[in-house]
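Chain residues, written in single-letter form:
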Amino acid sequence: MKKIALSGAGGQLGTVVRSAMLKRGVALRSAGGMKPLVPLVDGEDVMNGDLSDPAVVDRLLDGVDVLIHFAGTSVERPLPEIIDNNLRALVEVYEGARRHGVRRIVFASSNHAIGMYPVTEKLSLDCELRPDGFYGLSKAWGESLARMYWDKHGIESICVRIGSCVERPTEPRHLSTWFGHQDLMHFLDRCVVAENIGFMAIWGVSANTRSWWDNSGAERLGYQPTQDAEAWATEILAGPNPLDALGQRFQGGSFVGLSYTRDDRDAPASLQAS
Ligand code: 15L
């Protein structure tokens, strides 16, 4: 059985993945950040620490076949924090993978790497990246780093541009961006068992009727989502939209308005962006 390491196991998504994988009997090592994880089952392989420390990375990756790397800053934050957690620590993780012969890393990229596209555009996997802030920019950088470690060192990566991974969709934007938990777990199963992946970037999104993202070209992973946010559309569209006009115009939603200084901030949501 393959040994899987999960970083960011104490985070919002890590918590979901950790308990689901333990229930399925996966040989899992879960790593939290500075706050120690409390074992969920007897003898659970848990650890914690700062991944910018190579010794912590060694502990994480020893004997591991696949790393699911969900650790790092997951929202817009001041640049120094993003650099430490999402740039420096990511280099340590990939360097650790070289030392330990880890063959594959699932890297949590984000839709915020393309957040400046208007909601009227449908994106293919090879679209130009258009980050909506320093967080999204760090994910664009991470995808390039992953590409480099495949090209130069033969470490496989699946960069998953996660949409909105919440239990159920709750707002209009989610009708396009939702990544249901059931689909997430199926996705991660495929990331463990699929062969000959090399480098891949793929949208982490469910089979939403209103999706903005097209996964053509990533078929070799075998990801076949079955959840669709449309089941909640009537209920959601009857309620208020929590996004302002700017957030409604761009795929990155509320992240777009952070430190936005163009003078079209209050333009109507229906305005076509370029
Ligand atoms: C993300 O990348 C964030 O980590 C998450 O908190 C959500 O904001 C999500 O994107 C989203 O765009 O809905």
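Residues numbered from 1 in each chain as written. Predicted model: local features only at pLDDT ≥ 70, side-chain atom pairs only at ≥ 80, totals over all residues. Heavy atoms only, no water.

Asker: Where do I start with the nonpolar core in this structure?
Answerer: It is characteristic of soluble globular proteins that their nonpolar side chains tend to be buried jointly. The biggest cluster of nonpolar side chains holds 42 residues, and the ones touching the most others in it are Phe-70, Phe-187, Leu-188 and Leu-221. When residues of this core are traced back to their parent elements, those giving at least two are strand S1 (3–7), helix H1 (12–23), strand S4 (66–69), strand S5 (104–110), strand S6 (156–162), helix H6 (181–193) and strand S7 (199–204). For this core, the leading source of residues is H6, giving 6 residues. Look past the residues within four positions of Leu-221 in its chain and what remains in contact with it is Ile-158, Phe-187, Arg-190, Cys-191, Ala-194, Ile-197, Met-200 and Ile-202. Counting residues in each nonpolar core, the second largest holds 26 residues, with Ala-5, Ala-71, Ile-155 and Cys-159 among its members. (Core = buried A, V, L, I, M, F, W, Y, C linked by side-chain atoms within 4.5 Å. Buried < 20%, exposed > 50% of the residue type's maximum accessible area, 1.4 Å probe, protein only. Helix = DSSP H or I, 4+ residues; strand = E, 2+ residues; numbered from the N terminus. Contact = heavy atoms within 4.5 Å.)

Asker: It is not clear to me how the packing of helix H2 (residues 54–61) against helix H3 (residues 79–100) should be interpreted in this structure. Could you clarify?
Answerer: Two measures define how a pair of helices packs: the angle their axes make with one another and the distance between the axes. Packing of H2 against H3 leaves a shortest axis separation of 9 Å and a crossing angle of 55°. Viewed along their axes, H2 and H3 adopt a mutual orientation that is oblique. Seen along the crossing, H2 lies across H3 with a hand that is right-handed. Residues Pro-54, Val-57, Asp-58 and Leu-61 of H2 form the contact with H3, whose participating residues are Glu-92, Val-93, Gly-96, Ala-97, Arg-99 and His-100. For the contact of H2 with H3, the residue count by class is 5 nonpolar, 2 polar and 3 charged. (Axes fitted to C-alpha atoms, helices over the stretch in contact; angles between N-to-C directions. Parallel < 35°, antiparallel > 145°, perpendicular 65-115°, else oblique. Left-handed = near helix turned anticlockwise from the far one by under 90°. Nonpolar A, V, L, I, M, F, W, Y, C, P; charged D, E, K, R; others polar.)

Asker: Can you walk me through the site of the ligand in this structure?
Answerer: Neighbouring residues of the ligand: Ser-74, Ser-110, Asn-111, His-112, Tyr-135, Gly-163, Ser-164, Arg-173 and Phe-255. The side chain of Asn-111 places a nitrogen or oxygen atom 3.0 Å from an oxygen atom of the ligand. Here an oxygen atom of the ligand and a side-chain polar atom of Tyr-135 are 2.7 Å apart. Coverage of the ligand by the protein chains reaches 76% of its 320 Å² of free accessible surface. Of the residues that constitute the shell around the ligand, the class distribution is 2 nonpolar, 6 polar and 1 charged. (Near = heavy atom within 4 Å. Polar contact = N/O pair within 3.5 Å; in protein donor to acceptor, adjacent residues only side chain to side chain. Areas by Shrake-Rupley, 256 points an atom, 1.4 Å probe, with all protein chains shown as cover.)

Asker: Whenever I open this one, the side chain of Ser-30 confuses me. Can you help?
Answerer: Within the fold, Ser-30 resides in strand S2 (residues 27–32). Excluding anything up to four places from it in sequence, Ser-30 contacts Leu-6, Ala-9, Arg-18, Leu-37, Glu-44, Asp-45, Val-46 and Met-47.

Asker: Please clarify how the pattern of salt bridges should be interpreted in this entry.
Answerer: Oppositely charged side chains may form a pair once their charged atoms are brought near each other. Per the counting criterion, the structure on display carries 15 salt bridges. When the shortest N-O distance is used, the salt bridge between Arg-147 and Asp-151 registers 3.3 Å. Residue Arg-147 and its partner Asp-151 are both found in helix H4 (residues 134–153); the two are separated by 4 residues, about one turn of the helix. Looking at Arg-147, the relative accessible area reads 38%, which means it is partly exposed. Within this structure, Lys-3, Arg-29, Asp-45 and Arg-59 form a network of salt bridges that share partners. (Salt bridge = Lys/Arg side-chain N within 4 Å of Asp/Glu carboxyl O.)

Asker: For this particular structure, what's the right way to read the packing of aromatic side chains?
Answerer: Centre-to-centre distance and the angle between the planes together describe a pair of aromatic rings. Taken as a whole, this structure holds 8 aromatic pairs when the rule is applied. Look at Tyr-135 and Phe-255: their rings are 6.0 Å apart centre to centre, the planes differ by 45°, and that puts the pair in the tilted class. Of this pair, Tyr-135 sits in helix H4 while Phe-255 sits in the segment after helix H8 (245–249), placing them 120 residues apart in sequence. For the pair shown, Tyr-135 and Phe-255 are each scored as buried. An angle of 80° between the planes, with centres 5.1 Å apart, marks the rings of Phe-187 and Tyr-223 as edge-to-face. Taken together, the positions of Phe-187 in helix H6 and Tyr-223 in the loop between S7 and helix H7 (233–237) put the pair 36 residues apart, joining distant regions of the chain. Accessibility expressed as a relative area gives 11% for Tyr-223, which makes it buried. By way of ring pairs, the aromatic residues Phe-179, Phe-187 and Tyr-223 are connected into one cluster. (Phe/Tyr/Trp six-rings, centres within 6.5 Å; stacked < 30°, edge-to-face > 60°.)

Asker: When you look at the sheet that holds strand S3 (residues 45–48) in this model, what are you seeing that I'm missing?
Answerer: Strand order in this open sheet of 7 strands is S3-S2-S1-S4-S5-S6-S7, and the pairing throughout is parallel. One side of each edge strand has no neighbouring strand; the edge strands of this open sheet are S3 and S7. Across the sheet, the axes of successive neighbouring strands diverge by a mean angle of 20°, strand direction being ignored. Here S1 pairs with S2 via 5 bridges, running parallel. Looking at S2, one finds that Ser-7 is bridged to Ala-31. Lying over the sheet, H1 contacts S1, S2, S3, S4 and S6, oriented at roughly 155° with respect to S2. Contacting S4, S5 and S6, H3 crosses the sheet at an angle of about 165° to S5. (Pairing = 2+ DSSP bridges.)

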